[in-house]
Amino acid sequence: MRLTSDEQAMLDGAGGPARQKAMDLLVRYAEALGAEAFVDTNNVAGVPGSSTLFLKNYYQQHAGQSDYEAIYSLYDLDADEIVAVPRANAYCCHLQGGMDPDNWAELGMTEEAHAHFQQDEAQVAARGIQILKTCTPYLAGNLPVKGQHCAWMESSAVVFCNSVLGARTNTEGRESTSAATLTGKIPDWGLHRVECRYGTYHIEVGVPVTSVMDWGLLGYFIGYAVEENIPVVSGHVSQPDLIRHKHFGAAAASSGGVEMYHIVGITPEAATPEMAFGPHKPVATIGYGQADRQQMYDRLNSVGHDPHVDYVMLGCPHASIEQMWEVAKLLEGKKIHGGCRLWVFTSRSVKTIADLNGYTRVIQDAGGLVMTDTCSAISRAVPKGTKVVALDSAKQAHYLPAMVGVEAWFGSTEDCIQAALNGRWNGGLR
Amino acid sequence: MSAKKIVLRGRKVVGGCAEGEALVTKETISGWGGIDPMTGTVIETHHELHGVSFRDRVLVFPGAKGSSGWSNAFHMTRLAGTAPKAMVFNRMNTKIALGAVVTHAPTVTDLDQDPLAVVETGDWVRVDGDRGIVEVTKKR
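Residues numbered from 1 in each chain as written. Chains lettered and ligands numbered in written order. Predicted model: local features only at pLDDT ≥ 70, side-chain atom pairs only at ≥ 80, totals over all residues. Heavy atoms only, no water.

1. Here we look at the overall build of chain A
Part 1 of the argument: On a plain count of helices and strands, chain A comes out with 17 helices and 14 strands.
Part 2 of the argument: Its C-alpha radius of gyration of 22 Å places chain A within 12% of the 22 Å reference for a compact globule of 430 residues.
Part 3 of the argument: If you line up chain A on its principal axes, its C-alpha atoms span 65 × 55 × 35 Å.
Part 4 of the argument: Burial analysis of chain A (430 residues in total) assigns 60% to the buried set.
Part 5 of the argument: Contacts in chain A between residues far apart in sequence, at least 24 positions, make up 75% of those at least 6 positions apart.
Part 6 of the argument: Carbon together with sulfur atoms contributes 51% to the accessible area of chain A, which is approximately 15400 Å² in total.
Part 7 of the argument: A distance of 4 Å separates the average location of the 32 positive side-chain charges in chain A from that of its 47 negative side-chain charges. (Helix = DSSP H or I, 4+ residues; strand = E, 2+ residues; numbered from the N terminus. Rg over C-alpha atoms; globule rule 2.2 N^0.38 Å. Buried < 20%, exposed > 50% of the residue type's maximum accessible area, 1.4 Å probe, protein only. Contact = heavy atoms within 4.5 Å. Areas by Shrake-Rupley, 256 points an atom, 1.4 Å probe, with all protein chains shown as cover. Lys, Arg positive; Asp, Glu negative; His and termini not counted. Charge placed at Lys NZ, Arg CZ, Asp CG, Glu CD.)

2. Describing the confidence of the model for chain B
Part 1 of the argument: Here chain B averages 95 in pLDDT, and 99% of its residues register 70 or above.
Part 2 of the argument: Among the prediction metrics, the complex's ipTM stands at 0.97, with pTM recorded as 0.95. (pLDDT = per-residue confidence, 0-100.)

3. Quick word on the environment of Val-344 of chain A
All names here are of chain A.
Part 1 of the argument: Note that Val-344 resides in strand β11 (residues 341-346).
Part 2 of the argument: Residue class for Val-344 comes out buried when judged on its relative accessible area of 1%.
Part 3 of the argument: Separated by 25 residues in the primary sequence, Val-344 and Leu-369 have C-alpha atoms spaced 6.2 Å apart.
Part 4 of the argument: Beyond its immediate stretch of four places on either side in the chain, Val-344 contacts Leu-314, Met-324, Val-327, Ile-363, Leu-369, Val-370 and Met-371.

4. Regarding the interface of chain A and chain B
Part 1 of the argument: Facing 41 residues of chain A, the contacting portion of chain B comprises 33 residues.
Part 2 of the argument: Roughly 3200 Å² is buried in total at the junction of chain A and chain B, and carbon and sulfur atoms are behind 58% of that figure.
Part 3 of the argument: Our count for the chain A to chain B interface comes out at two salt bridges.
Part 4 of the argument: For the salt bridge of Glu-228 of chain A with Arg-91 of chain B, the shortest nitrogen-to-oxygen distance reads 2.7 Å.
Part 5 of the argument: Secondary-structure elements contributing two or more residues to the side of chain A that touches chain B are α2 (17-33), α3 (53-63), α7 (174-183), α9 (242-255), α15 (376-379) and α16 (394-404) of chain A.
Part 6 of the argument: For the side of chain A that touches chain B, the leading source of residues is α2 of chain A, giving six residues.
Part 7 of the argument: Looking at side-chain class alone, the side of chain A that touches chain B contains 18 nonpolar, 12 polar and 11 charged residues. (Buried area = accessible area lost by both parts, 1.4 Å probe. Salt bridge = Lys/Arg side-chain N within 4 Å of Asp/Glu carboxyl O. Nonpolar A, V, L, I, M, F, W, Y, C, P; charged D, E, K, R; others polar.)

5. Thoughts on the packing of helix α12 (residues 321-331) of chain A against helix α17 (residues 413-422) of chain A
Residues and elements named next belong to chain A.
Part 1 of the argument: Relative orientation of the contacting elements α12 and α17 amounts to 40 degrees, with a least axis distance of 11 Å. Put simply, α12 runs oblique to α17. When the axes of α12 and α17 are compared, the crossing they make is right-handed. Along the contact surface, α12 presents Val-327, Leu-330 and Leu-331, while α17 presents Thr-413, Glu-414, Ile-417 and Leu-421.
Part 2 of the argument: Along the lines of polarity and charge, the residues of the contact of α12 with α17 split into five nonpolar, one polar and one charged. (Axes fitted to C-alpha atoms, helices over the stretch in contact; angles between N-to-C directions. Parallel < 35°, antiparallel > 145°, perpendicular 65-115°, else oblique. Left-handed = near helix turned anticlockwise from the far one by under 90°.)

6. As for the environment of Ile-378 of chain A
Part 1 of the argument: Turning to its location among the elements, Ile-378 of chain A is positioned in helix α15.
Part 2 of the argument: Each C-alpha atom, one on Ile-378 of chain A and one on Met-403 of chain A, is 9.5 Å from the other, the two residues being 25 residues apart in sequence.
Part 3 of the argument: Sequence-distant contacts of Ile-378 of chain A, defined by excluding residues within four places in its chain, comprise Gln-96, Gly-97 and Gly-98 of chain A together with Trp-32 of chain B.

7. Remarks on the sheet that holds strand β3 (residues 17-24) of chain B
Residues and elements named next belong to chain B.
Part 1 of the argument: Strands sit in the order β1-β12-β11-β3-β7-β9-β10-β2 across an open sheet of eight strands; the sheet is mixed. Taken across any chain shown, the strands that pair with only one partner, and hence form the sheet edges, are β1 (5-9) and β2 (11-14). Direction aside, the axes of adjacent strands within the sheet are offset by 25 degrees on average.
Part 2 of the argument: Two strands pair when backbone bridges link them, and strand β9 (residues 86-89) and strand β10 (residues 107-109) are joined in this way by two bridges, in the parallel orientation. (Pairing = 2+ DSSP bridges.)

8. Structural notes on the state of the cysteines
Here, disulfide denotes a covalent bond that connects the sulfur atoms of two cysteines.
All names here are of chain A.
Part 1 of the argument: One pass over the structure, following the stated rule, counts zero disulfides over all chains.
Part 2 of the argument: You can see Cys-161 has no disulfide; the closest cysteine sulfur is in Cys-150, sitting 4.2 Å from it.
Part 3 of the argument: Residue Cys-161 is classed as buried on the basis of its relative accessible area, which comes to 0%.
Part 4 of the argument: The structure places no disulfide on Cys-196, whose sulfur is separated from the nearest cysteine sulfur, that of Cys-161, by 16 Å.
Part 5 of the argument: Owing to a relative accessible area of 33%, Cys-196 belongs among the partly exposed residues under this scheme. (Disulfide = S-S within 2.5 Å.)

9. Section: the pairing of β11 of chain A
All names here are of chain A.
Part 1 of the argument: Here β11 lies mainly inside the structure; five of its six residues are buried.
Part 2 of the argument: Here strand β10 (residues 311-319) runs beside β11; their pairing, made up of five bridges, is parallel. Looking at β11, one finds that Tyr-311 is bridged to Arg-341.
Part 3 of the argument: Viewed along the sheet, the connection from β10 through α12 into β11 turns out right-handed. (Right-handed = clockwise from strand over helix to strand, strands pointing away.)

10. Here's the deal with α16 of chain A
All names here are of chain A.
Part 1 of the argument: Taking burial as the measure, the 11 residues of α16 include nine buried ones, the bulk of the element.
Part 2 of the argument: Turning to α16, its buried residues number three or more, namely Ala-394, Lys-395, Gln-396, Ala-397, His-398, Tyr-399, Leu-400, Pro-401 and Met-403.
Part 3 of the argument: For α16, the capping residue at the N-terminal end is Ser-393, with a side-chain oxygen 3.2 Å from the backbone nitrogen of Lys-395.
Part 4 of the argument: One or two positions beyond α16, positive phi appears at Gly-405, with a value near 65 degrees. (Polar contact = N/O pair within 3.5 Å; in protein donor to acceptor, adjacent residues only side chain to side chain.)

11. Observations concerning the nonpolar core
Part 1 of the argument: One finds Leu-218, Val-233, Val-309, Val-312, Met-324 and Leu-331 of chain A to be the most contacted residues of the largest nonpolar core, which totals 82 residues.
Part 2 of the argument: Looking at this core, the element that brings in the most residues is helix α8 (residues 212-226) of chain A, giving eight residues.
Part 3 of the argument: Apart from residues lying up to four places away in sequence, Leu-218 of chain A is in contact with Val-205, Val-209, Val-233, Val-237, Phe-248 and Tyr-288 of chain A.
Part 4 of the argument: Judged by nonpolar contacts, the second largest core, of 53 residues, contains Ile-129 of chain A together with Leu-59, Met-92 and Ile-96 of chain B. (Core = buried A, V, L, I, M, F, W, Y, C linked by side-chain atoms within 4.5 Å.)

12. Section: helix α4 (residues 68-76) of chain A
Part 1 of the argument: Among the nine residues in α4 of chain A, eight count as buried, and that is most of the element.
Part 2 of the argument: What α4 of chain A keeps buried is the set Tyr-68, Ala-70, Ile-71, Tyr-72, Ser-73, Leu-74, Tyr-75 and Asp-76 of chain A.
Part 3 of the argument: Against α2, α3, α5 (111-126) and α7 of chain A together with α1 (70-80) of chain B lie the buried residues of α4 of chain A.

Quick look at the structure:
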């Protein structure tokens, strides 16, 4: 591959050992991809140096050291020795993490794990990495603009970044984002290149798609239909808002690997079908009708049997302030069923506003809990004894039951809140 | 009587040589949320390999899908000692490129024949990552 003089200099060690290790990893990664060059990026979203107890114990045992720099070097940079990790070179934000900073005990985390969490956060802050701690950085202070080259991980954020914002990122991983944080470089491959951003599959929507749940079902269908290709959606869809884009993209990225979509007349690179497809003819036109909608609903509910719901989880991807407002309206003056728990997940910045507006208090007074930083799937944490969960996110319904071994119901936010109030699932496809 | 041997030629993703019994799936694999790194087992609910371990096998599959935690999940399998011996796949993306690099498992792609059509679970497969060669000894 071609390296610019500054890239070669970093690889030769001119930027210090950490940047040298970071470039070495990026070159191995770029060559594996078949990329020929790097692009400069000054917008990185990752989880640099974050640790789990497993990683701490592993490196303590195998390297005799398990502090932040040890994990950043040996794990994030895949280096063969521990190096000093300097301040970030590129603007970088920290995505979601493993626990809520206040309610960690509720999540079943140990004091030891919480102490590590605090130490890691201090190390992240000291390196100038923004502690957004969310899967929705675009709602918490990192909003890229059209054409900007980014290096983001978190599949739901990646698909939003490309499709809704028109910024450019592949689905990066922990190691590549940690390396990009130090170098400001990422392989020039895939969605960084204009010719790779055109649609290849045409999705013709034949049933009205309006509600958030219906956008989730359509996204879930499209992921299975196109896998990681780029769909161009047209037909019976009404104007989506931010919440609908967020649920749609997260669902499509979970059932397939959709990193970018176009909706004709709506998303920024799809004013017309010609613009969306560019030089391509669609590989296939795939219809979405009532039977498909029903099939997706059934699939998402295939692990739900017992109507007694003991846990309702909202906020996947992390709730926007609008969603916090809606949840508070649905819960105001009501009490959650004694046998059921309700956890709502969001970012710290959205929670700050929810606190100011009294939404956090309303949710707590009803018996629920607002948490930040994480979610049940990321932390693998559900309330003790949970057997049956209710979820309004196709993404969470896709992952959580298998990860923690529970039954799950999928439905609208309203159906989920009703389940929390009654302790029974009474949702359905209406 | 010698067993039938087939040689596929492709491109290096990760260098090194390794061999083992093939585990083949025609379905893409999710990393985070799709496997349990501690046991090297596929846990995705509807996956045809649900409950099957790829530990010490040569994993032959179409490619990676799902969360950006793919590389992290497979990176963890290396630490936990549950990683595949080698990997052979068809469709390149950032998840699998990075995941293969940090798993350190010899890996080859862009083969001159579809490995999913040639290799069956249980075949003995030798992957030479540096030369981009996959040698398949059929079990029957």
